[in-house]
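Close look at the chain arrangement
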Amino acid sequence: ICFIPGGLDCSISFVSHVLGKVCVHGWQKEILGVLVPRLTDLTKSDCIWQRICWQLVECVPDRWMEAVVLGFVQRAPGADVLSRLLGNLVVKNKKAQFVVAQKMLLLQYGHTSAVLQNLLGYLALDSSRRPLLLRVLQDLLETWSSSSAVKHSPTEQQLYISKAILICLSNLKEPEIASCRQELLTSMMEGVKCHLESSLPQLRRLGMVVAESISLSINSEGPVLKFEYEEDAEIRELKSLLVQTPSFCVVPSLPDEDGGEKAGAALPLVPESNEKSYTAAPVIPDEESDAELDSDDDLIPYDMSEDKELKIKAPMYIRDCIEVLTGSRSEDVDKWEATVKALESLVRRNPAATREVSMELAKILLHLEEKTCIEGFVELRQRAQVAVLTTDPIPVAKYLTSQFYSLNYSLRQRMDILDVLVLAAQELSCPKFHGKTKHSGVQKPCIQLLPGSDSSKGWRRIVDERIKSKTRRFDTGQSRVELASCPNKFNSVAGYFFFPLIQHFDRPLTTFDLLGEDHLVLGRLVHTLAVLMYLAVNTVAVTAMGKALLEFVWALRFHTDSYVRQGVLSCISSLLLSVPTERILEDMTEELLETQSWLGDVMEKDPDGDCRRLALQNLLLMENLKKKLEAVPS
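Residues numbered from 1 in each chain as written. Predicted model: local features only at pLDDT ≥ 70, side-chain atom pairs only at ≥ 80, totals over all residues. Heavy atoms only, no water.

**A closer look at a negative patch on the surface**
A cluster of acidic residues, E551, E590, E591 and E594, forms a negative patch at the surface. Among the elements that make up the negative patch, the one with the highest residue count is helix α32 (residues 589–605) (3 residues). Checked against the element boundaries, E551 lands in helix α29 (residues 542–554). (Patch = residues over 30% accessible without salt bridge, like charges linked within 9 Å, V, L, I, M, F, W, Y side chains within 5 Å. Areas by Shrake-Rupley, 256 points an atom, 1.4 Å probe, with all protein chains shown as cover. Salt bridge = Lys/Arg side-chain N within 4 Å of Asp/Glu carboxyl O. Lys, Arg positive; Asp, Glu negative; His and termini not counted. Charge placed at Lys NZ, Arg CZ, Asp CG, Glu CD. Helix = DSSP H or I, 4+ residues; strand = E, 2+ residues; numbered from the N terminus.)

Encoded structure:
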């Protein structure tokens, strides 16, 4: 940057054109990496240089404006510096306003939290730009509260929009919040509804955090929304964005580093002026405090060193367990707890006695509710259900699958049925996994309700193991001990687990509509069918199951819920891995070609990253089938 002596007037439009063209041709990082620090120093105390800098960016042609503005926003060390460098560019230039207020916030989602804080802090630092900040917040809330946007946009974009909303709220003043309180309340109610309806836990947590923050902003002195959720690093970072960071302290490093994240999360969500009131300890008169300390001095504690806990003897027979769980003796809480804890081992030790009452026992366990705060009650009940189902598979499987589509069941009970079917199928197909060591601890279902970061983690682990087993490796390493072989008990009962689950999925009931609002259960059902299909490998019914499964998922391939689509793609993977290649090529040729075309579209266009990855994996499996077919001599 050169100096013009003698106070002569000059035009810097040529420099602006050069800057814009250099940035748009891919040299943005190199030129702005030098120019921004230099201009930052020059504009600290010199208003002439501020005007020169404003003129520099204002004279950039509109076709190059986006690259220049984006570079300044990304490389400015703070919102106050960005305000000095750009001035009121977003007010004067429509292209710059579109880039800052629309494109960087609603059409892009790859920028860091520091960039968002720079951008929105810049809008908040001048009175002429603050109306634009309010408009940006309204646009963000409109997108956040749109059910269509929640269903069809990636999770990363939802997180990005949530961060922008919280930063906007932290920059608003009380009069501004009061002027749009009703709009905020309306958007909060609509947005939290569509987020809580999502099948993905991350989206539900995002909705809860943003709704809590909006509620805190519009009702700072009254009752506010409060949800129960598990806080992780992502949630703590979101909450830290509500605490406004002084513009002169903002640094370009990422705010989600460990140290900064913990420091931000520890700050109270109150104005700075009120901080001291929270740190000052209350003053208690000496006489009152002494009275409190001396009030319990006269009480002598009981000696409980030799006390022993009374042990309740558990029932010894299956019918005694049924009597305790259902009969007049059910009021004995200690006996009831002992029965629940001992039921699984009792069922496994007495298979003959269990088969006599298996249907009754399955019904009792399905409707069993927790009467006391027994630790691990859900797992204990589930393990007992699995034990009954594996002991007498056919009648109990018929009962459970019929109850899945029956009336007067909660969604939780229907999902419990799916969990039990999956766990029992695993045990029947791999009995060596389910000895004493497997049941010594709390058994986790393979298909969980919705794992926190990856909704089909259990399925992917299964598929990865299967692909690994089919991969040829020249360096085998240490030799493996060959496991003892055993019969696959799931072979003769696979159909009883599988086919009833796909018969009535399209028939809505009074309180149950899989194709409607109960898409969470539909996603669980599709994932369950994928696991059952995989476990049926080498069974007699696997080909018929594969054809039925392909027909079932074909009707769901364009479902709006990403968790359901992930389950559909998992079903395709299990079909390709389990059904013999010859049967696939002979019985499902046309369906396979249509599926391949659809998978290509999913890989390119689906907004969910997990769906795109699963689609690519399925295309690779199909390519392997094609190579195997070509390798077979004619």
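**Remarks on the environment of W27**
Of note, W27 is situated in helix α1 (residues 13–42). Classification of W27 by relative accessible area gives exposed; the value is 51%. (Buried < 20%, exposed > 50% of the residue type's maximum accessible area, 1.4 Å probe, protein only.)

**Focus: the packing of α1 against helix α2 (residues 47–58)**
Two numbers describe how α1 lies on α2: the axes approach to 12 Å, and their chain directions differ by 165°. Between α1 and α2, the crossing angle belongs to the class labelled roughly antiparallel. Pair α1 / α2 crosses with left-handed handedness. Residue-level inspection shows V15, S16, L19, L35, L39 and L42 of α1 in contact with α2, the latter providing W49, C53, Q55 and L56. (Axes fitted to C-alpha atoms, helices over the stretch in contact; angles between N-to-C directions. Parallel < 35°, antiparallel > 145°, perpendicular 65-115°, else oblique. Left-handed = near helix turned anticlockwise from the far one by under 90°. Contact = heavy atoms within 4.5 Å.)

**Brief notes about the packing of aromatic side chains**
What the rule picks out here adds up to 5 aromatic pairs. Ring centres of F490 and F497 lie 5.3 Å apart, and the angle between their planes is 80°; this geometry places the pair in the edge-to-face category. Each member of the pair, F490 together with F497, is buried. Measuring from ring centre to ring centre gives 5.3 Å for F498 and F499, while their planes differ by 90°; the resulting arrangement is edge-to-face. Residue classification places F498 among the buried residues on the basis of a relative accessible area of 0%. For F499, a relative accessible area of 25% translates into the label partly exposed. Between R63 and the ring centre of W64, over which it is positioned, the NZ or CZ distance is 4.3 Å. Positioned over the ring face of W554 is R557, at 4.0 Å from the centre of the ring. (Phe/Tyr/Trp six-rings, centres within 6.5 Å; stacked < 30°, edge-to-face > 60°. Lys NZ or Arg CZ within 6 Å of the ring centre and 35° of its normal.)

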